[in-house]
Amino acid sequence: MAPIGDDVVVSNRKLERMFSMKGGKGEASYANNSQAQARHALSMLHLLKETLDGVRLSSPDFPFAVADLGCSSGSNTIYMVDVIIKHMSKRYEAEGFETPEFSAFFSDLPSNDFNTLFQLLPSYGGDSMEECLASDSHRSYFAAGVPGSFYKRLFPAKSIDLFYSAFSLHWLSQVPDVVLDKKSTAYNVGRIFIHGANEITANAYKKQFQADLAGFLRSRSKEIRSGGSMFLVCLGRTGTDPADQGGAGLLFGTHFQDAWDDLVQEGLIASEKRDSFNIPVYAPSLEDFKEVVEADGSFVVNKLEVVSGGSPLVVNQPDDAAEIGRALANSCRSVSGVLVDAHIGDQLSDELFSRVASRATSQAKELLEQLQFSHIVASLSLP
């Protein structure tokens, strides 16, 4: 069969406008495939609360402002914002301060499914902040959506008390140009991810991550209030080799990679079509992250560590190989499906993820044992 995957290649310029986690509430949606992220976030609550305890209590004359950067469209962001605001309200009460009003900003790229997110938001709780905070079925904060890239400015100067970002900063603003350039030594021929790539390609990804993180820090340093803090979580790795992406490498660089190769070998897409697709993800080492923070100088490090995040696969029957295969395919599709659909179209995308599920099913036991994520956790504040 002649190659039929002829949809337009998504350029880096378009990535910011169209990329998102998979919206809606379907089987492969992010809303229904982010249970692992919820578990990982819960395991780090004690670290988050340490950061919250270091935030300076602001005057009750101004709302206490929280921003979740990379909020996506599931319920995780709503839960975490609620945790943050309830913790801060208890601090105000314990220290004898009048409790201010709270505002929460949910920020992600413009193509994020904000509709699904806002449908999950409970209604505002009452006439007074005391009534809101006492209610378990209503929210105790004013909510707003902020579309845009967190690698650029999003908020007015000195307007946010706490920035929270979980499982987002490993997504790059773009695939490095040289990685998709056939004339470049960094051209990632035959691969759709950095995992296992040559040193030049891996360093191009590292350079892109560090440039993006520097832009993130510069922007937040202008937007954060004096006495405010940031709590950041992203995929990380324990090794020094950027071409060994750890858990992210197993997620995108094995069965997902093999499924792309299947489409090429079966004549469903040309090899050039595969080679022009790369996942814009980089799992940094602790040193990669630290280098940028220190070079930028806008923030001081209160805590910076790598923690074990566990598996991204959440299954009801660990002995059911088919369920594990579907879980891996849905996990991949929930975070990369929008990019895949844009690159090869919905029909071939279905074919691709069907092959991911089939390949993962055949190695289900090994997947559950080996697919483990590490996360970098950073608590930063102004000097």
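Above: the structure in question.
This is a predicted model, so every value here is computed, not measured. Throughout, residues of each chain are indexed from 1 in the direction in which the sequence is written. The model is predicted, so local features are restricted to residues of pLDDT at least 70 and side-chain atom pairs to those at 80 or more, both for listing and for counting; the totals for chains, interfaces and linings are taken over all residues. Note: side-chain values were computed over all heavy atoms of the structure, leaving out hydrogens and water.

1. Points about the packing of helix H8 (residues 246-253) against helix H9 (residues 255-265)
Packing of H8 against H9 brings their axes to within 4 Å, and their N-to-C directions diverge by 25 degrees. Taken together, the axes of H8 and H9 are roughly parallel relative to one another. Counted together, Leu251, Phe252 and Gly253 of H8 and His255, Phe256 and Gln257 of H9 form the full contact between these two elements. Gly falls in the polar group here, along with every residue not listed as nonpolar (Ala, Val, Leu, Ile, Met, Phe, Trp, Tyr, Cys, Pro) or charged (Asp, Glu, Lys, Arg). Partitioning the contact of H8 with H9 into residue classes produces three nonpolar, three polar and no charged. Between N-to-C directions, angles span 0 to 180 degrees; the directions come from axes that are lines fitted to C-alpha atoms, helices contributing only their stretch in contact. Counting from the N terminus, the helices are DSSP H or I runs at least four residues long and the strands are E runs at least two residues long. Each angle receives one of four descriptions, namely roughly parallel if under 35 degrees, roughly antiparallel if over 145, roughly perpendicular if within 65 to 115, and oblique otherwise. For this analysis, residues touch if any pair of their heavy atoms sits within 4.5 Å.

2. Observations concerning the packing of H9 against helix H13 (residues 346-362)
Interaxial distance between H9 and H13 falls to 8 Å at its minimum, and their mutual angle equals 125 degrees. Looking at the two axes, H9 sits oblique to H13. Two packed elements cross with a definite hand, and for H9 against H13 that hand is right-handed. In this structure, H9 uses His255, Phe256, Asp258, Ala259, Trp260, Asp262 and Leu263 to contact H13, whose residues at the interface are Leu348, Glu351, Leu352, Phe353, Arg355, Val356, Arg359 and Ala360. Crossing handedness follows the turn of the near helix against the far one: under a right angle anticlockwise gives a left-handed crossing, and clockwise gives a right-handed one.

3. Things to note about the environment of Pro284
Note on placement: Pro284 falls in the loop between helix H10 (271-275) and helix H11 (286-296). Only protein chains enter the accessibility calculation, which uses a 1.4 Å probe; a residue whose area is less than 20% of its type maximum is buried, one above 50% is exposed, and one in between is partly exposed. Residue Pro284 is classed as buried on the basis of its relative accessible area of 0%. Each C-alpha atom, one on Pro284 and one on Gln210, is 9.0 Å from the other, the two residues being 74 residues apart in sequence. When residues no more than four places from it in sequence are discounted, the contact partners of Pro284 are Phe209, Cys234, Leu235, Gly236, Arg237 and Ile376.

4. With respect to the pattern of salt bridges
A pairing counts as a salt bridge when a side-chain nitrogen of Lys or Arg comes within 4 Å of a carboxyl oxygen of Asp or Glu. The final tally for this structure, using the stated rule, is 17 salt bridges. A salt bridge links Arg274 to Asp261; its shortest N-O distance comes to 3.0 Å. On the criterion of sequence distance, the pair formed by Arg274 in helix H10 and Asp261 in helix H9 is long-range, its members being 13 residues apart. Here Arg274 falls in the buried class, since its relative accessible area comes to 12%. Residue class for Asp261 comes out buried when judged on its relative accessible area of 18%. The shortest N-O distance in the salt bridge between Glu294 and Lys290 comes to 4.0 Å.

5. Observations concerning the sheet that holds strand S4 (residues 160-166)
One bridge is not enough; two strands pair if DSSP finds at least two bridges between them. With mixed pairing, the seven strands of this open sheet are ordered in space as S3-S2-S1-S4-S5-S7-S6. The strands lining the two open edges of the sheet, one partner per strand, are strand S3 (142-147) and strand S6 (300-310). This sheet shows a mean twist of 15 degrees between the axes of neighbouring strands, independent of strand direction. Pairing geometry for S6 and strand S7 (residues 373-381), over nine bridges, is antiparallel. Residue pairing across strands places Val300 opposite Ser381, the latter belonging to S7. Against the sheet, helix H3 (residues 45-53) engages S4, strand S5 (224-236), S6 and S7, with an angle of about 165 degrees to S5. Strand contacts of helix H7 (residues 199-223): strand S1 (64-69), S4, S5 and S7, with the helix running at about 155 degrees to S5, the strand carrying the most contacts.

6. Some details on the packing of aromatic side chains
What counts as a ring pair is set by centres within 6.5 Å for rings of Phe, Tyr and Trp (its six-membered ring), and what kind of pair is set by the plane angle: stacked under 30 degrees, edge-to-face over 60, tilted for all other angles. If you walk through the whole model with that rule in mind, you get 17 aromatic pairs. Consider the rings of Phe209 and Phe289, whose centres lie 6.5 Å apart with planes at 45 degrees: the pair is tilted. With Phe209 in helix H7 and Phe289 in helix H11, the pair connects residues that are 80 residues apart, well separated along the chain. Accessibility expressed as a relative area gives 1% for Phe209, which makes it buried. By relative accessible area, which is 1% here, Phe289 ends up buried. Members of the aromatic cluster, connected to one another through ring pairs, are Phe193, Phe252, Phe256, Trp260, Phe277 and Phe353. The lysine or arginine in question, Arg220, covers the ring of Phe163, its NZ or CZ lying 5.5 Å from the ring centre. Only when the NZ atom of a Lys or the CZ atom of an Arg is both within 6 Å of the ring centre and within 35 degrees of the ring normal do we say a charge sits over the ring.

7. Some points on H8
Counting buried residues along H8, six of its eight residues qualify, which places the element largely inside the surrounding structure. Among all positions of H8, only Gly247, Ala248, Gly249, Leu251, Phe252 and Gly253 are buried. Residues of H8 that are buried in the fold lie against S5, H9, helix H12 (321-344) and S7.

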